[in-house]
Amino acid sequence: MKYDAGGNITSEGLAVDMGAQDHQWWREVLVRQFGGKPYSDDYGKVAYNDDHGAAALKWYTDLQTVHKVGQTGFMDEAQAAFKGGRAALIIDGSFRLGSFGQIKDFEWGVSELPAAADGARSNYVSYWVNGIASGSSGEKLQAAEKFLAYVTSPEAMDVWLKVVGELPAKPALALTEANIKDPIYGPFLKGLQYGHTTLFVDETAQRQVAIDMVNRVLLQGQDPKASLAEAAKAEQAILDAHMPN
Amino acid sequence: MATAAESNRTAVAGRYVWNRLTLHHKQVVWAWLFLAVPVVFYVVIRFWPTASALWLSFTDWNLLRPAHLVGLKNYVKLVNDPVFWKVFRNTFAYLVLGTPVSLVLSFAVAFHLDKIRFMHGFIRALYFLPFLTTAVAMAWVWRWFYQPVPIGIINEALSAVGLPQQPFLRSTSQALPSVLACAIWAGLGFQIVIFMAGLRAIPTTYYEAARIDGVANWGILTRITLPLLKPTIVFLVVFGSIGFLRIFDQVYNMTTNDPGGPLGSTKPLVLMIYQTAFSSFDMGYAAAQTVVLFLVLLTISLLQLRLLRDR
C-alpha cells in the first residue's frame, strides 16, 4: 500500500470488491480452502455458516481491516484500480482479458489462484448455455439452429477467445497445446481442472447477500461470525423461494 | 351494380342523418372524434397497464409460467420484508429532505437572480443547463466527484486543505444525502425558471405601494411575494415530491457496484421494484410494490393539494 501525505491510499496491493468477482472467490475458493463447504451438493442449502466459513470471511475482511492491503471502492471499481496501474493484484474472470489487453503502461501476467497452506486449490468457473425458444418452428427454427451451430463452431469460439478472452467451451479447442502453454490462457485452463460452478437461483440477489455480509463487517464493525449467520439466513430464504416444494 | 347502388344509398342516408343534426350536435360529434385520440391513448398506455399491474400484484407471475392468483401473498411478503421497510424509509428521506431543500435553494436563487440585470439571461441559462443533461451522464460525473483520492475531486480538495477524506457513497449515513445532492442539482434549473416566471407575474404596483407605505424588505417578502407565489409553490411542491418519490436514475447509476448503496442505504422503492422485476423476475411481487408506490404517490399528492389549496 502506498499513501499520500494525508494518509490516503494512492495504490493498493489487492483490488478488493465483493460486488465484482470476490464473492465468487469467497464462496467457491476461500470457504473450501478454510475447510468448509459453501452449499449442499444440490446447492439447495447454504452450508457455509460454520467456523470454516467464519474463518474465511474473517480472512477476507482482515485484508482490509487488519492487513490493510486493499480498500473497497478505491478507484471506484477494482478493475479500474488495476487497469489504472494502482493495484498490484486483482482477482477477475477471463472475460476481463479483452479490456486488460489495452493496458500499455505496464506489464502484467496471469497466475492461478493461490493454494491454501495444505495445497488445497479451488476455483469458480461459469459457462454459457445457448438455447432456442420452445415456440420457434419452420424457417425461424432452421435459422436459429444454423446460428447456434455457428456460434458453437471452433471458428466462432476462436474469435471469442481472441477478442473477449473467454475460454472456448469445446475442450478440444480450449485444451490445445498452444493454449495450455500460453502464459495468459494457461493459468485459466489449469483452474478449470479444480473449478466449481455455483448453481445460482438469482445471482444478483445472492451476490447482494455477499456484498452486504462484508459491508456489515467493514462499515458497521459487526463480528464476521454474526454477519455470516445473517447472510446465511438471507441466502437460504432466496434459495427456498426458488426451490420446487 | 347492386352493391354500388347500396353503398350509394348508405351514403345518402348518412348524409341525411348528418344534415339533420343541429350545429351543436355536430360540434359534439367532432369534439369526441378528436378527443378519441387521447382517450384511446390513455386507456391503452396508462389505464390498462395500471389495471393489469393491480391484477398482477395478486399473482405469482414470473414471465415464464402462466400467472396464478395467490391472493394477498405478495402483500404479506412485502410487510414482512425488512428490505421493503428500509426502502420505504429511504424513499421518504428523499422526499422529506429533497423537497424543502430544493425549494428553498431554487427560491433563493430565483429571488436574487430576478434582481440582477448583468448577464441575466446567461446566468439563468447556466442554472437551467443541468436540467437539459441526461440523468445518467450527470450521475456518473457526480459518482466520480465522490470517489476517494486520487480520482474524486471533492476528496482531492478536502485533502489539499488538510481535511480528512469522506467516504460519501461508501458510507451508510452519507450515501443518501450524496445521491440526493445530485438529484437536487439536476432539478434546480427547472424550479428556478418556474419561480422566476411566478415572480415576474406579481404586479410591480404592489411593491411600489408597499414601499411608499414604508414596509421593510422582510415584510414585502412574507406579506406580498410569498403569498402571491402560492400557486407556483404548490405546483413545485407537488411536482418535486413526485420526482423525489420516484427517484431512480441517480441512485441506479451512482451505485452500480453495490446497487442501492452500502447495506441498501440509498435504495428507493423504484430501484427495489426494478430489481425485483428485471433481475429476480418476480413480477407479481414487483407489481405489489408498484401498487404501494402508486398509493403513496396518490396519498401524498392529494394531501399536499388539500393542505396547500386556497381557503
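Residues numbered from 1 in each chain as written. Chains lettered and ligands numbered in written order. Predicted model: local features only at pLDDT ≥ 70, side-chain atom pairs only at ≥ 80, totals over all residues.

Kindly report on the overall build of chain B, identifying the contributing residues and their values.
For chain B, the count of helices and strands is 14 helices and zero strands. What you see in chain B, going N to C, is helices and strands ordered as α-α-α-α-α-α-α-α-α-α-α-α-α-α. Computed over its C-alpha atoms, the radius of gyration of chain B comes to 27 Å, more than 25% above the 19 Å expected for a compact globule of 311 residues. Based on the C-alpha atoms only, the size of chain B along its principal axes is roughly 95 × 70 × 40 Å. A total of 311 residues make up chain B; the buried ones form 29% of that total. (Helix = DSSP H or I, 4+ residues; strand = E, 2+ residues; numbered from the N terminus. Rg over C-alpha atoms; globule rule 2.2 N^0.38 Å. Buried ≥ 20, exposed ≤ 12 C-beta atoms within 10 Å, placed from the backbone.)

Before we move on, could you go through the overall build of chain A and cite the residues and values that matter?
Along its length, chain A carries eleven helices and five strands. For chain A, the spread of C-alpha atoms along the principal axes amounts to about 65 × 55 × 35 Å. With 245 residues in all, chain A has 30% of them scored as buried. Considering only contacts within chain A whose residues lie at least 6 apart along the sequence, 62% involve residues at least 24 apart. (Contact = placed C-beta atoms within 7 Å.)

Go over the sheet that holds strand E2 (residues 9-15) of chain A, please, and point to the residues and values.
All names here are of chain A. Spatially, three strands are ordered E1-E2-E3 in an open sheet, and the strand pairing comes out mixed. Looking at which strands have only one partner, the edges of the open sheet turn out to be strand E1 (2-3) and strand E3 (87-90). With two bridges joining them, E1 and E2 adopt antiparallel strand pairing. Directly across from Tyr3, in E2, lies its bridge partner Ile9. (Pairing = 2+ DSSP bridges.)

I'd like to hear about the interface of chain A and chain B, residue by residue, with values.
Taken together, the 20 residues of chain A in the interface contact 16 residues of chain B. Per-class residue counts for the side of chain A that touches chain B are five nonpolar, eight polar and seven charged. (Nonpolar A, V, L, I, M, F, W, Y, C, P; charged D, E, K, R; others polar.)

Account for the packing of helix H4 (residues 82-113) of chain B against helix H8 (residues 175-200) of chain B, naming residues and giving values.
Residue and element names in this part refer to chain B. Following both chains from N to C, one finds H4 and H8 inclined at 40 degrees, their axes separated by 7 Å at the closest point. Between H4 and H8, the angle falls in the class oblique. H4 and H8 meet at a crossing whose hand is right-handed. In terms of residue class, the contact of H4 with H8 is built from 20 nonpolar, six polar and no charged. (Axes fitted to C-alpha atoms, helices over the stretch in contact; angles between N-to-C directions. Parallel < 35°, antiparallel > 145°, perpendicular 65-115°, else oblique. Left-handed = near helix turned anticlockwise from the far one by under 90°.)

I'd like a description of unusual backbone geometry, backed by residues and values.
Cis geometry is found at the peptide bond from B:Val149 to B:Pro150, where omega equals 10 degrees. Even without being glycine, A:Lys68 reaches a positive phi, approximately 50 degrees. With a phi close to 80 degrees, B:Leu63 is a non-glycine residue in the positive phi region. Within the secondary structure, B:Leu63 is located in the loop between helix H2 (23-56) and helix H3 (73-79).

An account of the confidence of the model for chain B is requested, with residue identities and associated values reported.
Residues and elements named next belong to chain B. Put simply, chain B has an average pLDDT of 91, and 98% of its residues get 70 or more. Per-element averaging of pLDDT across chain B places helix H1 (residues 2-20) at the bottom with 77 and H4 at the top with 96. Scored as a complex, the prediction yields pTM 0.88 and ipTM 0.88. (pLDDT = per-residue confidence, 0-100.)

Tell me about the packing of H8(B) against helix H11 (residues 230-245) of chain B, residues and numbers included.
Residue and element names in this part refer to chain B. In contact at an axis separation of 10 Å, H8 and H11 are set at 165 degrees when each is read in the N-to-C sense. Considering their axes alone, H8 and H11 lie roughly antiparallel with respect to each other. As H8 runs across H11, the sense of the crossing is right-handed. For the pair H8 and H11, the contacting residues are Gly187, Gln191, Ile194, Phe195 and Gly198 in the first and Thr232, Phe235, Leu236, Gly240 and Gly243 in the second. Along the lines of polarity and charge, the residues of the contact of H8 with H11 split into four nonpolar, six polar and no charged.

Which residues make up the nonpolar core, and what values go with them?
All names here are of chain A. Of all hydrophobic cores here, the largest spans 38 residues; its most connected members are Ala15, Leu30, Ala210 and Val214. The set of elements that each furnish at least two residues to this core consists of E2, helix H1 (18-33), helix H2 (51-65), helix H3 (78-83), E3, helix H10 (203-220) and helix H11 (224-242). Residue contributions to this core peak at eight residues, all from H10. Setting aside its immediate chain neighbours within four residues, Ala15 contacts Gly70, Ala78, Ala81, Phe82, Ala87, Leu89 and Ile90. (Core = buried A, V, L, I, M, F, W, Y, C linked by C-beta atoms within 7 Å.)

Explain H11(B) to me, using residue names and the numbers behind them.
Structurally, the α-helix is built with 3.6 residues per turn, so residues lying three or four positions apart point the same way. All names here are of chain B. Relative to the 22 Å expected for 16 residues at 1.5 Å per residue, H11 spans 22 Å between its end C-alpha atoms, a close match to the ideal helical length. For H11, the full list of buried residues reads Thr232, Leu236, Val237, Gly240, Ser241, Phe244 and Leu245. In this structure, the buried residues of H11 make contact with H4, H8 and helix H14 (283-308). (Expected span 1.5 Å × (residues − 1).)

Tell me about the confidence of the model for chain A, and please be specific about residues and values.
In this model, chain A carries an average pLDDT of 92, and 99% of its residues clear a pLDDT of 70 or more. For chain A, per-element mean pLDDT is lowest for E1(A), which scores 82, and highest for H2(A), which scores 97.

Summarise the environment of B:Ala175; cite the residues concerned and give the values.
Residue and element names in this part refer to chain B. With respect to the helices and strands, the residue Ala175 is situated in helix H8. Classification of Ala175 as buried rests on a count of 27 C-beta atoms within 10 Å. In this structure, the C-alpha to C-alpha distance between Ala175 and Ser241, residues 66 residues apart in sequence, is 20 Å. Excluding its chain neighbours within four sequence positions, the residues that come into contact with Ala175 are Phe168, Leu169, Gly261, Pro262, Ser265 and Thr266.

Now, about helix H10 (residues 217-228) of chain B: what can you tell me, with residues and values included?
End to end, H10(B) covers 15 Å across twelve residues, agreeing with the expected 16 Å (1.5 Å per residue, within 8%). For H10(B), a buried count of zero out of twelve residues is recorded, marking the element as mostly open to its surroundings.

Tell me about the pairing of E2(A), and name the residues and values.
All names here are of chain A. Taken together, E1 and the strand that follows it, E2, pair antiparallel across an intervening segment of five residues, in which Gly7 is found at a positive phi of about 80 degrees. Pairing between E2 and E3: three bridges, direction parallel. Following the sheet pairing, Leu14 is matched in E3 by Leu89.

Could you give me a rundown of the environment of A:Ile184, with the residues and numbers involved?
All names here are of chain A. Summarising the element assignment, Ile184 is placed in the loop between helix H8 (177-181) and helix H9 (185-193). Remark: the alpha-carbon pair of Ile184 and Gly165, spanning 19 residues in sequence, is separated by 9.4 Å. Dropping the residues within four chain positions of it, Ile184 is found in contact with Leu97 and Val110.

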